[in-house]
Amino acid sequence: MEREILKGSCLCGAIQFELSAAPSEIIRCHCRMCQKAHGASFASFARFRHEEFSLLAGADSLQTYRSSDVAQRTFCGHCGSSLQFMRDGRDTFGLAISALDTPLEPRPIQDYYAESRSGW
């Protein structure tokens, strides 16, 4: 059986990528940094291994921001779309689910930093 390749892009389409596997986990993060970075009450990420990610276009548009002393985030330098959350020294990263163009099959969701959850 052939594996489905997941495809994704930023809002303006400058950055395009694909993933060679299904995510190992789906995460909703309610921490204040994710709320601010995504402009929402939480950020939704799918966890992938670094080697499962291939950048197809837009290497010159991919920007990195060190959001803490243990992690960095990537985004499109043209449209500002949030793309990845990467903790230092880990073999996995969180990909903003909103950047996926291929729909994901429903699966359980893990909530992080629920104590920071928005009251609304």
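Refer to the preceding data block for the structure.
The following paragraphs examine the structure supplied in this document. (Residues numbered from 1 in each chain as written. Predicted model: local features only at pLDDT ≥ 70, side-chain atom pairs only at ≥ 80, totals over all residues. Heavy atoms only, no water.)

1. Quick look at the sheet that holds strand β5 (residues 53-57)
Right, on to step 1. With antiparallel pairing, the 3 strands of this open sheet are ordered in space as β1-β2-β5. Of all strands in the sheet, those bounded by a partner on one side alone are β1 (6-9) and β5. For this sheet the average axis-to-axis angle between neighbouring strands, irrespective of direction, equals 25°.
Right, on to step 2. Looking at chain direction, strand β2 (residues 16-19) and β5 are connected through 4 bridges and run antiparallel. Paired with Q16 across the strands is A57, a residue of β5. (Pairing = 2+ DSSP bridges. Helix = DSSP H or I, 4+ residues; strand = E, 2+ residues; numbered from the N terminus. Axes fitted to C-alpha atoms, helices over the stretch in contact; angles between N-to-C directions.)

2. Describing the pattern of salt bridges
Right, on to step 1. Scanning all chains against the criterion turns up 6 salt bridges.
Right, on to step 2. Between E51 and R49 there is a salt bridge, with its nearest N and O atoms 2.7 Å apart.
Right, on to step 3. Classification of E51 by relative accessible area gives exposed; the value is 54%. (Salt bridge = Lys/Arg side-chain N within 4 Å of Asp/Glu carboxyl O. Buried < 20%, exposed > 50% of the residue type's maximum accessible area, 1.4 Å probe, protein only.)

3. Concerning the nonpolar core
For soluble globular proteins, nonpolar side chains are generally found buried alongside one another.
Right, on to step 1. F17, L19, F48, F93 and L95 are the most contacted members of the largest nonpolar core, which totals 16 residues.
Right, on to step 2. Of all the secondary structure elements, the ones that give two or more residues to this core are β2, β4 (43-49), β8 (82-87) and β9 (92-96).
Right, on to step 3. Contact partners of F48, with chain neighbours within four places excluded, come to L6, L19, A21, A22, P23, D91, T92, F93 and L95.
Right, on to step 4. Core analysis: the next-biggest nonpolar cluster, separate from the first, contains 8 residues, C31, F45, A71 and F85 among them. (Core = buried A, V, L, I, M, F, W, Y, C linked by side-chain atoms within 4.5 Å. Contact = heavy atoms within 4.5 Å.)

4. Observations regarding the environment of A71
Right, on to step 1. If you trace the backbone, A71 turns up in strand β7 (residues 71-76).
Right, on to step 2. Once residues within four sequence positions are removed from consideration, A71 is found in contact with R66, F85, M86, R87 and D88.

5. Structural notes on the pairing of β1
The side chains of a regular strand alternate between the sheet's two faces.
Right, on to step 1. By the bridge criterion, 4 bridges tie β1 to β2 in an arrangement that is antiparallel. Each bridged residue has a counterpart across the sheet, and for L6 the counterpart in β2 is L19.
Right, on to step 2. Linking β1 back to β2 in an antiparallel pair, the connection comprises 6 residues, with G13 at a positive phi of about 85°.

6. Examining the packing of aromatic side chains
Right, on to step 1. Inspection of the entire model under this criterion finds 4 aromatic pairs.
Right, on to step 2. Between F53 and F93 the ring centres are 5.6 Å apart and the planes differ by 85°, which places this aromatic pair in the edge-to-face class. Highlighted residues: F53 in strand β5 and F93 in strand β9, separated in sequence by 40 residues. Both residues of the pair, F53 and F93, belong to the buried class.
Right, on to step 3. One aromatic cluster is present, formed by F17, F48, F53 and F93 through successive ring pairs.
Right, on to step 4. The ring of F42 has R28 lying over it, and the distance from NZ or CZ to the ring centre is 5.8 Å. (Phe/Tyr/Trp six-rings, centres within 6.5 Å; stacked < 30°, edge-to-face > 60°. Lys NZ or Arg CZ within 6 Å of the ring centre and 35° of its normal.)

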